[in-house]
Amino acid sequence: HKTRLPQWLLELVNRIGQGDTKTSPTDAMFVRDGKADNQIVLTVRSQGVLEKLKAAGCDVTSDKGKSTVFGRVSLDKLGTLADIAEVKLILPKI
């Protein structure tokens, strides 16, 4: 499921998983106060999927798109979003 993350997001998830909480200059473009701003592309958008995102720690900031939502999630929960079956792709919101 980690294929739903671009390489540099995957590297961030791996670093956080290893206890390295330092952010790179690239991370600093979308990470603020320990949370990542993300664009989440879904295969299906429904209230149930939005609830799954929230349960995974995502603070949905905009869900007006047809198949895309925007949200903030703490860095240690970023990889959890990729495990949700309806998540097609997670991109940093820059």
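Refer to the structure printed above.
Worth saying up front: this structure is predicted, and the values here are computed from it rather than measured.

### Quick notes on the overall build of the protein chain
For the protein chain, the count of helices and strands is three helices and five strands. Along the protein chain, helices (α) and strands (β) appear in the sequence α-β-β-α-β-β-α-β when read from the amino end. For 94 residues, the compact-globule estimate of 2.2 N^0.38 gives 12 Å, and the protein chain sits close to it at 12 Å. By the burial criterion, 41% of the 94 residues in the protein chain qualify as buried. Pairs at least 24 apart in sequence give 65% of the contacts found in the protein chain among residues at least 6 apart. For the protein chain, the computed accessible surface area is about 5200 Å², with 51% contributed by carbon and sulfur atoms.

### Concerning the environment of Lys52
Its place among the elements puts Lys52 in helix 2 (residues 47–55). Each C-alpha atom, one on Lys52 and one on Lys64, is 17 Å from the other, the two residues being 12 residues apart in sequence. Dropping the residues within four chain positions of it, Lys52 is found in contact with Ile84 and Glu86.

### A closer look at the packing of aromatic side chains
Ring pairs (aromatic) are described by centroid distance and by the angle formed between their planes. Summed over all chains, the structure comprises one aromatic pair. Seen in terms of ring centroids, Trp8 and Phe30 are 5.5 Å apart; in terms of plane orientation they differ by 80 degrees. Their pairing is edge-to-face. Of this pair, Trp8 sits in helix 1 (residues 7–17) while Phe30 sits in the loop between helix 1 and strand 1 (31–32); the two residues are 22 residues apart in sequence, bridging distant segments of the chain. Assessed through its relative accessible area of 0%, Phe30 is described here as buried.

### Describing the pattern of salt bridges
When the charged atoms of two side chains lie near each other, side chains of opposite charge can form a pair. Applying the stated criterion across every chain, the model contains five salt bridges. With its nearest N and O atoms 3.4 Å apart, the salt bridge here joins Arg32 to Asp37. Looking at Arg32, the relative accessible area reads 40%, which means it is partly exposed. Here the residues in one salt-bridge network are Arg32, Asp37 and Arg72, joined through shared partners.

### A look at helix 1
Within helix 1, the full set of buried residues consists of Leu9, Leu10, Leu12, Val13 and Ile16. Taken end-on, helix 1 shows its buried residues confined to a sector of 155 degrees, consistent with a single buried face. At its buried positions, helix 1 is contacted by strand 1, strand 2 (35–42), helix 3 (78–82) and strand 5 (87–92). Where helix 1 terminates, the next one or two residues include Gly19, which has phi positive at roughly 90 degrees.

Reading the values: rules and limits
- Residues numbered from 1 in each chain as written.
- Predicted model: local features only at pLDDT ≥ 70, side-chain atom pairs only at ≥ 80, totals over all residues.
- Heavy atoms only, no water.
- Helix = DSSP H or I, 4+ residues; strand = E, 2+ residues; numbered from the N terminus.
- Rg over C-alpha atoms; globule rule 2.2 N^0.38 Å.
- Buried < 20%, exposed > 50% of the residue type's maximum accessible area, 1.4 Å probe, protein only.
- Contact = heavy atoms within 4.5 Å.
- Areas by Shrake-Rupley, 256 points an atom, 1.4 Å probe, with all protein chains shown as cover.
- Phe/Tyr/Trp six-rings, centres within 6.5 Å; stacked < 30°, edge-to-face > 60°.
- Salt bridge = Lys/Arg side-chain N within 4 Å of Asp/Glu carboxyl O.
- Arc of directions from axis to C-beta.

It is worth stressing that arrangement in space is one thing and function is another; only the former is reported here.
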